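The primary structure of each chain is shown beneath.
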Amino acid sequence: MSVTGRKFLTSINWPVVSSVLSKHTEITGSLAAFRKGYEEAERQLSQLKEADRAIDFEHYRRVLKNSDIVDKLEKIALTQKVVKVDLADQLKTISMFEAKAIASAELYVKETAANLADLSETVANIETARPVTQLTVEDVVKAKPDVVQYTEEMVKQGKFTVDGYDEKFPSLALL
C-alpha cells in the first residue's frame, strides 16, 4: 500500500466512524472486516521486514559431511529472485468493496437528509402551533369535520360519554 494510503488509514478515527454508522450494521461490518484485513497485512509485512533472511552456508558446510548439497542450495538461493505478484484481483475486490461502501454511504446520507427534513418540518409545526387552551370548537371542526357527525350520533343515542375515556383518564372525584 502506498504511503498516502497508510497515512489515510491510520488517520481514520475508527471508534467515531463505528458510532456514527452504528445503525447500519452492514457498513460497519464491512469496515471492520476491511480494517482487520489491513491490520493483519500490516502485521505480516512488518514481520517479514524484520525477519533475517541471510543464510550462513559456511556453518552448514562445517556441520554437514556432504558439502555438495550445501553448494547446490547456496547456488539456488543466490539465483532466487523475488517474484512479483499480480494484485489485479485484490485491487478489483477492493474497488468493488469501495464502490459498495460508497453506495451504502450515499444511501445513508439520503435517508438522513430525508429524516432531517421531516424533523425540521415537525419542529416548525410545533413552533407555530397554538396552545390547546387557545383552540376553539370551530378550529377542531375545521381540522376534523367528522367530529360534528360523530357528536350528533352520540347525542341521538343518548350517550354523553366517550367510550374508553374513563379507562384512559380516571376520575379524580374520589380524591
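Given the structure is predicted, the values throughout are model-derived calculations rather than measurements.

We now examine the packing of aromatic side chains. This model, assessed by the stated rule, comprises two aromatic pairs. Judged by centre distance (5.3 Å) and plane angle (15 degrees), the ring pair of Phe34 and Phe97 falls under stacked. With a gap of 63 residues between them, Phe34 in helix α3 (residues 25-50) and Phe97 in helix α6 (residues 88-128) connect regions that are remote in the sequence. Taking the relative accessible area as the measure of exposure, Phe97 reaches 23% and is therefore partly exposed. An angle of 45 degrees between the planes, with centres 5.0 Å apart, marks the rings of Tyr165 and Phe169 as tilted. When its relative accessible area of 45% is taken as the criterion, Tyr165 is described as partly exposed. Taking relative accessible area as the criterion, Phe169 reaches 44% and is therefore assigned partly exposed.

Calculation rules
- Each chain has its residues counted from 1, running along the sequence as written.
- Only residues with pLDDT of at least 70 are given local features in this predicted model, and only at 80 or more are side-chain atom pairs given and counted; all residues enter the totals for whole chains, interfaces and linings.
- To get the side-chain values, take all heavy atoms of the structure and skip hydrogens and water.
- Each pair of aromatic rings taken from Phe, Tyr and Trp, with Trp reduced to its six-membered ring, is defined by centres within 6.5 Å and is described as stacked if the planes are under 30 degrees apart, edge-to-face if over 60, and tilted in the remaining cases.
- Think of it this way: any DSSP run of H or I at least four residues long counts as a helix, any run of E at least two long counts as a strand, and we number them from the N terminus.
- Residue burial is assigned from relative accessible area. The probe radius is 1.4 Å, only protein chains are included, and a residue is buried under 20% of its type maximum, exposed over 50%, and partly exposed in between.

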